[in-house]
Amino acid sequence: MKKKGLFLPFAGILFLFAALLSSCGSNPESAESTATESETVEPPVMITSQAYGQLEDGRTVDQYQLKNANGMAVEVITYGGIITSWTAPDRTGAYENVVLGYDSLSQYLANNPYFGAIIGRYGNRIAKGQFVLEGTTYELATNDGPNHLHGGLKGFDKVLWSADTATTAEGASLILRYESADMEEGYPGNLSVQVTYTLTPDDALQVDYEATTDKATIVNLTQHSYFNLSGDFSQTILDHELMIAADQYLPVDATLIPTGELAPVEGTPFDFREAKAVGRDIGADHPQLELGKGYDHCWVLNEQGSMRRVASAYHPGTGRQLEVFTDKPGIQFYSGNFLDGTLPMPGGGTYGHRTGFCLETQHYPDSPNQKDFPSVVLRPGETYETRTTFKFSTK
Ligand code: GLA
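As the structure is a prediction and not an experimental result, all values here were calculated from the model.

Novice: A description of the packing of aromatic side chains should follow, citing residues and the corresponding values.
Specialist: A complete count under the given rule lists 29 aromatic pairs for this structure. Pairwise contacts between aromatic rings join Trp86, Phe227, Tyr249, Phe270, Phe272, Tyr295, Trp299, Phe333, Phe357, Phe390 and Phe392 into one cluster. The lysine or arginine in question, Lys328, covers the ring of Tyr209, its NZ or CZ lying 4.6 Å from the ring centre. We note Lys395 situated over the ring of Tyr314; from NZ or CZ to the ring centre the distance is 4.6 Å.

Below you can see the structure in the form of structure tokens.
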């Protein structure tokens, strides 16, 4: 396979050596300046790319790898902006893939439950696929029972994105762009979308979303990686200890549309303010857990309107910890309830029930139809701009 990027192992070794010599070798910033002073030009995070496969219409899908000096590697394909693999350290320092995915493009094309994908224009559900904006009623596909889910029949998870790369002191970025045409999937306005994945030297992946439109529209972009911090996808995620910084969550109806109530988590299985095992209360007798077939709800994050730490997940067996930071108002915690042992796992076997979880930072589901929820409307002249950061560490 064709390598387009440059990965110079010798220069990489020099860089590592320089970092070790530095008295603060564990500080990526000082490691980087040491490398610069000694004229070792390797950036702290490298990007390479290769062809990954071909779509039916002949267009090529590329795969990019962002890799830092610690050994964290994030692989992204231009189809759907899908993160196909993402390695994270355990407490012994061993980097292992912690996201569910497939090992070929044909599997992503055939049946992907949004593994690793960028979701848009509207992440989550819109009741009956309908909304009214500036007096016009718009009709979207109903691809989830009576409702619209994750952008429709061909959402942003199923389109080919164009790619650019950039390397800065902050890390290395993969910049994905997509021009969504007026009325694509029923949404008004030509929408220019940009999603930038930046891997930093300290094992964080920043996801920056940007969009502009030429006509009033609605936007709610998110990232749909399924994590299993054990690195062993034959294990469930029920032993992961989860924290969600939210005093309230959004109860749903039988079709998973919020009822409009902001309910307190206190005294319910939805209370993750203190970290607890996902499996501790998932089987509790609670009507909302029945409706969601487990957790599949949006939490109303505390400290609205600021960039803050909103969630963490810890796997006691390996010591891996994931922290999520965002400026968004909500987070959908989905406990992999629809994984049912039918989708193939790379290397053999299938993904079993609850072997992955998602933490989808977003606006509240069905916001276009719920007047008390924060607005998701984007107008010409405005820029939709939001950031979510996923940071790995061990403890
Ligand atoms: C989201 C939804 C879930 C499910 C998954 C994909 O998390 O909330 O109900 O559709 O995506 O299977």
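Novice: Any chance you could break down the site of the ligand for me, citing the residues and the numbers?
Specialist: The full set of residues close to the ligand is Pro113, Tyr114, Arg125, Leu149, His150, His224, Tyr226, Asp296, Gln332, Tyr334, Phe338 and Glu360. The side chain of Arg125 places a nitrogen or oxygen atom 2.5 Å from an oxygen atom of the ligand. Between the ligand and Asp296, the relevant distance is 2.4 Å, taken from an oxygen atom to a side-chain nitrogen or oxygen of the residue. A total of 300 Å² of accessible area belongs to the ligand in isolation, and the protein chains cover 94% of it. Looking at the shell around the ligand, its residues break down into six nonpolar, three polar and three charged.

Novice: Give a description of unusual backbone geometry that names residues and reports values.
Specialist: In this structure, the amide linkage connecting Gly120 to the following residue, Arg121, adopts the cis form with an omega of -5 degrees. Within the element layout of this structure, Arg121 appears in the loop between β6 (118–119) and β7 (125–126). Of note in this structure, Leu256 is not a glycine but carries a positive phi near 70 degrees. For Leu256, the location among the structural elements is in the loop between β18 (248–250) and β19 (263–264). Even without glycine at this site, Arg354 takes up a positive phi of about 55 degrees. Along the chain, the position of Arg354 falls in the loop between β24 (330–334) and β25 (358–362).

Novice: Residue-level account of the nonpolar core, with values.
Specialist: Counting residues in hydrophobic clusters, the biggest one holds 61 residues, and the most contacted among them are Trp86, Trp299 and Phe333. Counting residues per element, this core draws most heavily on strand β13 (residues 191–199), at five residues. In this view, Trp86 contacts Met72, Ala73, Val74, Glu96, Asn97, Val98, Val99, Leu205, Ser225, Phe227, Phe390 and Phe392; residues no more than four positions away in its chain are not counted. Listed in part, the 24 residues of the second largest apolar core include Val61, Ile82, Tyr114 and Ile119.

Novice: Tell me about the pattern of salt bridges, and name the residues and values.
Specialist: Within the structure shown, the criterion is met by 15 salt bridges. For Arg309, the salt bridge goes to Glu323, with nearest N and O atoms at 2.7 Å. Remark: Glu323 occurs in strand β23 (residues 320–326) and Arg309 occurs in strand β22 (residues 308–315); sequence separation between them is 14 residues. Residues participating in the shared-partner salt-bridge network are Asp247, Glu266, Asp271 and Arg273.

Novice: Give a detailed account of the sheet that holds β13, specifying residues and quantitative values.
Specialist: As summarised here, the arrangement of the nine strands in space is β11-β12-β13-β14-β27-β23-β22-β17-β20, forming an open sheet in which the pairing is antiparallel. Two strands bound the open sheet, and with one partner strand each, they are β11 (162–168) and β20 (276–277). Bridging between β13 and strand β14 (residues 204–213) involves nine bridges; their strand directions are antiparallel. The residue of β14 that forms the bridge with Thr196 is Asp208.

Novice: Would you mind going over the confidence of the model for the protein in detail, with residue names and values included?
Specialist: When the pLDDT values of the protein are averaged, the result is 92; 90% of them are 70 or greater. Overall, residues 1–38 carries pLDDT values under 50, and its contacts beyond four positions in sequence, including any with other chains, amount to 46 contacts.

Cut-offs applied
- Residues numbered from 1 in each chain as written.
- Predicted model: local features only at pLDDT ≥ 70, side-chain atom pairs only at ≥ 80, totals over all residues.
- Heavy atoms only, no water.
- Phe/Tyr/Trp six-rings, centres within 6.5 Å; stacked < 30°, edge-to-face > 60°.
- Lys NZ or Arg CZ within 6 Å of the ring centre and 35° of its normal.
- Near = heavy atom within 4 Å.
- Polar contact = N/O pair within 3.5 Å; in protein donor to acceptor, adjacent residues only side chain to side chain.
- Areas by Shrake-Rupley, 256 points an atom, 1.4 Å probe, with all protein chains shown as cover.
- Nonpolar A, V, L, I, M, F, W, Y, C, P; charged D, E, K, R; others polar.
- Helix = DSSP H or I, 4+ residues; strand = E, 2+ residues; numbered from the N terminus.
- Core = buried A, V, L, I, M, F, W, Y, C linked by side-chain atoms within 4.5 Å.
- Buried < 20%, exposed > 50% of the residue type's maximum accessible area, 1.4 Å probe, protein only.
- Contact = heavy atoms within 4.5 Å.
- Salt bridge = Lys/Arg side-chain N within 4 Å of Asp/Glu carboxyl O.
- Pairing = 2+ DSSP bridges.
- pLDDT = per-residue confidence, 0-100.

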